[in-house]
Amino acid sequence: MTTQFDVIVIGGGHAGCEAAAAAARFGARTLLVTHKLETIGEMSCNPAIGGLGKGHLVREVDALDGLMGRLADEAGIQFRLLNRSRGPAVRGPRAQIDRKLYRKAMRGALEDQPNLTLMAAAVEDLIIENGRVAGVVCADGEAVHAATVVLTTGTFLKGVIHCGDERTPAGRIGDAPAIGLADRLYGLGLAMGRLKTGTPPRLDGRTIGWGGLQMQAGDTPPTPFSFLTESITRDQVECGVTATTPATHAIIMERLAESAVYGGRLSGRGPRYCPSIEDKVVRFGDRDSHQIFLEPEGLDDPTVYPNGISTSVSAATQDAFLRTIPGLEAVQVVRHGYAIEYDYVDPRELHPTLEAKRLPGLYLAGQINGTTGYEEAAAQGLMAGLNAARAASGADGAILRRDEAYIGVMIDDLVTAGVTEPYRMFTSRAEYRLRLRADNADQRLTVRGEALGCVGPLRVRAFADKAAKISAAREEAQSLSLTPAAAAKAGLKVTADGHRRSLIQLLAHKDIGFETLAGLWPQIRAWPADAREQVEIEAAYLGYLDRQDADIALFRRDEDLDLPIDLDYRALGGLSNEAREKLAAVRPATLGQASRIEGVTPGALTALLAHVRRRRVA
């Protein structure tokens, strides 16, 4: 094997897979190094992809020709579009995934990817030459050189698993932690910390009393993730629904000291929005029960994931409380739950390209940046891999803005504000939700991705065909119109103000539906489903989109004002000491980013704006 590459990606999780694939699609000679090739694409926690906010990220990864959406469609065994009854801006596609099928599909996709080599090895250190990263050193001493390196270590940096009183150094069950890499990062002077996450026990589905439980089916027909997937053909499954009981809570409270958090054995902070069952029982003491979804892990795998009871109490206590839950009275545990604590790098140590400020050529993506979730990891991985490849070729970095993508929102949040708990994407984090919808991710990003070099010809052709059909439907929707008199004659209630109304304007009325208008203009029934969907959504948000576009124009005004990366904030007048410290720590790339730093006041922004204007004049 050659020992010289353009890009080396460390880690075969969701961030690493997307990073390696993106770098290779760009044309970079790429090496993916991971502990075991057999665990590439492993779903260490819940075998599910998508959800509110997260589904938007998957669609954006797909629009940029990433892997996650297509492979989720291939391995999905239950699909649901969350928030279907609400507006399109907050709907989130989600799928339960066959863990084995996904892992197999991911490895196959990477093996088939041109410009990409896979290697099973443990990376112990980085090669640094002339102040830049220059490659990696494996545990066996082998050195492999590259222009750039992407680090996607997940929970492996000095990871420790907690289950009751047991503490096991591990990146996940059965895999050793990464100690040498963690020491190297500390040695670079990077600001780092500890976070935690957890997982529930895995259950043998053959020992669950399914007959007495409520069952939840997926959508019919399923809604795919990928814009390239025409339909889902794989067999689908149902999930069971049960709940904890007062007896469950009594056992947990009686043995609360076994918990890694409440027993004081764990210092890392966990995700507030995804609490352990111990947290739920303590924090919501007035509740008699907490819902649990029993989610199958595969079509030919009896293992069931009980979503909602992440825990770190002892195995004996897990066995005891599980049997107080309806349907689980005789359940057998395949693997007990645990908490895992690990090191992460303060993402404020990164440029918006995800390159480390202190070590050029080193890019970080995924949980190492303080995030949680497969989707957040995949999105960062794609951007880090693309930017590593572009840097290796001498091209400028690629940055998505907050008004362009949820990916842009996430990365800006991370590098600007840092994290105090594992970061998860929510739709509420985005200011421009009406424009950043899951349904239009390809319209926002595929052409951009083609220009950046990460979108292949198959997707380019597919999108061009779809875009042409949507454009034709929009034009026809604007050209078809009625006067108020003609509308009244057709039974449509509109204001008699003398103004003609286009089909889109008529469709914006809550009492006028598509089929009603198709009765007047039968030709619109020939529109493709995705073109019709876009016209209906744009009609639903008519007026609101114009106002949001005006907000975006104001946002871009500040985002277009670049700040010098070497700006000496200590010498800049009009700044408080707090503002100087915060600005020097983050080193914002634009005035807009500076405005989102806590402690930077309007007065400080005025001083920065004056400085930018003086530099432009000079």
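One structure accompanies this document, and this report is about it. None of these values were measured; they are calculated from a predicted model.

Rules behind the numbers
Residues numbered from 1 in each chain as written. Predicted model: local features only at pLDDT ≥ 70, side-chain atom pairs only at ≥ 80, totals over all residues. Heavy atoms only, no water. Buried < 20%, exposed > 50% of the residue type's maximum accessible area, 1.4 Å probe, protein only. Helix = DSSP H or I, 4+ residues; strand = E, 2+ residues; numbered from the N terminus. Contact = heavy atoms within 4.5 Å. Pairing = 2+ DSSP bridges. Axes fitted to C-alpha atoms, helices over the stretch in contact; angles between N-to-C directions. Core = buried A, V, L, I, M, F, W, Y, C linked by side-chain atoms within 4.5 Å. Phe/Tyr/Trp six-rings, centres within 6.5 Å; stacked < 30°, edge-to-face > 60°. Lys NZ or Arg CZ within 6 Å of the ring centre and 35° of its normal. Parallel < 35°, antiparallel > 145°, perpendicular 65-115°, else oblique. Left-handed = near helix turned anticlockwise from the far one by under 90°. Polar contact = N/O pair within 3.5 Å; in protein donor to acceptor, adjacent residues only side chain to side chain.

1. Topic: helix α5 (residues 180-187)
- Taken residue by residue, α5 has G180, L181, A182 and L185 as its buried positions.
- Check the buried side of α5 and you find it contacts β1 (4-10), β7 (123-129), β9 (143-151), β12 (192-199), β19 (338-345) and β20 (362-364).
- Looking at the residues trailing α5, positive phi occurs at G189, about 85°.

2. A look at the sheet that holds strand β3 (residues 48-50)
- The strand order β3-β5-β4 describes an open sheet built from 3 strands, whose pairing is antiparallel. Lying at the two open borders of the sheet, with one neighbouring strand each, are β3 and β4 (76-82). Sheet twist, expressed as the average angle between the axes of neighbouring strands with direction ignored, equals 15°.
- The sheet contact formed by β3 and strand β5 (residues 92-97) spans 3 bridges and is antiparallel. In the strand pairing of β5, G50 is matched with R94.
- The strands that helix α3 (residues 68-75) touches are β3, β4 and β5; relative to β4, the one it contacts most, it runs at about 120°.

3. Quick word on the sheet that holds strand β13 (residues 202-204)
- Reading across from one edge, β14-β15-β16-β17-β13-β18 is the order of the 6 strands in this open sheet, with antiparallel pairing throughout. In this open sheet, the two edge strands, each paired with only one partner strand, are β14 (214-216) and β18 (333-335). On average, adjacent strands in this sheet sit at an angle of 35° to one another, irrespective of strand direction.
- Sheet topology places β13 next to β18; 2 bridges connect them, and they run antiparallel.

4. Examining the nonpolar core
- Ranked by size, the top nonpolar core spans 104 residues in total, and within it I8, I49 and L362 carry the most contacts.
- Discounting chain neighbours no more than four positions away, the residues touching L362 are L126, V133, V149, L151, L185, L354, E355 and A356.

5. A look at the packing of aromatic side chains
- Applying the stated criterion to the full structure yields 3 aromatic pairs.
- In this arrangement the basic side chain of R59 is found over the ring face of F227, its NZ or CZ atom lying 5.5 Å from the centre.
- Positioned above the aromatic ring of Y423 is the side chain of R429, whose terminal nitrogen or guanidinium carbon lies 4.0 Å from the ring centre.

6. Examining the packing of helix α11 (residues 441-452) against helix α12 (residues 457-479)
- Where α11 contacts α12, the two axes come as close as 11 Å, and the packing angle between them is 140°. By the angle between their directions, the pair α11 and α12 is classed as oblique. Once α11 is placed against α12, the crossing between them reads as left-handed. Touching D442, Q443, T446, V447 and E450 of α11 are R459, V460, F463, K466, I470 and R474, all from α12.

7. Describing the side chain of T242
- By the secondary structure assignment, T242 is in strand β15 (residues 239-243).
- In this structure the side chain of T242 is engaged in a polar contact, spanning 2.8 Å, whose partner is the backbone oxygen of P326.
- Leave out the neighbours within four places in its chain, and T242 touches L213, H290, Q291, I292, L294, I325 and P326.

8. Brief notes about unusual backbone geometry
- The omega torsion of the bond from T220 to P221 falls at -5°, within 30 degrees of zero and hence cis.
- Tracing the backbone shows P221 in the loop between β14 and β15.
- Located in the positive-phi region is K158, a residue other than glycine, with phi close to 50°.
- Of the residues examined, K158 reaches a relative accessible area of 27% and is grouped as partly exposed.

Note that every value here comes from positions in space, so none of it alone points to a role or purpose.
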